[in-house]
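Below, each chain spelled out in residue letters.
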Amino acid sequence: MDISIEISKYPLRDAYLDGVDDFLERLHQHPELKIRVNSISTQIFGPADKLFPILEQEITRSFERGQSPFVLKVLKGDLSSMEIKDY
């Protein structure tokens, strides 16, 4: 089943962008993921059976480098092509 995940990482240090950039660079090493990055969060789309193990691996690697909370929203389906109405 395809899923969509919105994920945000909050490294607990002054140079927080280094930790975010490192995490995003590692995610982009997985060509089976469709990834969209913006200034607030990252959206990842793909099969759940592939996406969850990759996230487990990369979040664990982030934890090995220090405390770093993650916030995730998980939705059913690949919503990457969903058009949002302009308000």
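Below, the structure is looked at part by part. (Residues numbered from 1 in each chain as written. Predicted model: local features only at pLDDT ≥ 70, side-chain atom pairs only at ≥ 80, totals over all residues. Heavy atoms only, no water.)

What follows concerns the overall build of the chain. Regarding its fold elements, the chain presents two helices and four strands. The order of helices and strands in the chain, counted from the N terminus, is β-α-β-β-α-β. The burial tally for the chain puts 38% of its 87 residues in the buried class. Considering only contacts in the chain between residues 6 or more positions apart, those separated by 24 or more positions represent 71%. Accessible surface computed for the chain: about 6,000 Å², of which carbon and sulfur atoms make up 54%. (Helix = DSSP H or I, 4+ residues; strand = E, 2+ residues; numbered from the N terminus. Buried < 20%, exposed > 50% of the residue type's maximum accessible area, 1.4 Å probe, protein only. Contact = heavy atoms within 4.5 Å. Areas by Shrake-Rupley, 256 points an atom, 1.4 Å probe, with all protein chains shown as cover.)

What follows concerns the packing of aromatic side chains. On inspection of all chains with the given rule, the structure shows two aromatic pairs. On the basis of an interplanar angle of 75 degrees and a centroid distance of 5.9 Å, the ring pair of F63 and F70 is categorised as edge-to-face. Exposure remark for F63: the relative accessible area of 44% places this residue in the partly exposed category. Aromatic ring contacts, followed pair by pair, group F23, F63 and F70 into a single cluster. (Phe/Tyr/Trp six-rings, centres within 6.5 Å; stacked < 30°, edge-to-face > 60°.)

The residue T42 is located in strand β3 (residues 42-47) in this model. Among all residues touching T42, those that are not within four sequence positions of it are I5, E6, I7, L24, I35, R36 and V37.

Spatially, the four strands line up as an open sheet ordered β2-β3-β1-β4, and their pairing is antiparallel. The sheet is open, and its two edges are formed by β2 (34-37) and β4 (70-76), each paired on a single side. For this sheet, the mean angle separating the axes of adjacent strands, direction not counted, is 20 degrees. Judged from the four bridges that link them, β2 and β3 form a sheet pairing that is antiparallel. If you follow I35 over to β3, its bridge partner there is I44. (Pairing = 2+ DSSP bridges. Axes fitted to C-alpha atoms, helices over the stretch in contact; angles between N-to-C directions.)

Bringing the nonpolar core into the picture now. The biggest cluster of nonpolar side chains holds 16 residues, and the ones touching the most others in it are I7, F23, L27, L33, I44, L51 and L55. Every element with two or more residues in this core is listed here: β1 (2-9), α1 (16-27) and α2 (48-64). Per element, the largest residue contribution to this core is five residues, and it comes from α2. If near-sequence neighbours (up to four positions away) are discounted, I44 is found in contact with I3, S4, I5, I7, L27, L33, K34, I35, L51 and L55. (Core = buried A, V, L, I, M, F, W, Y, C linked by side-chain atoms within 4.5 Å.)

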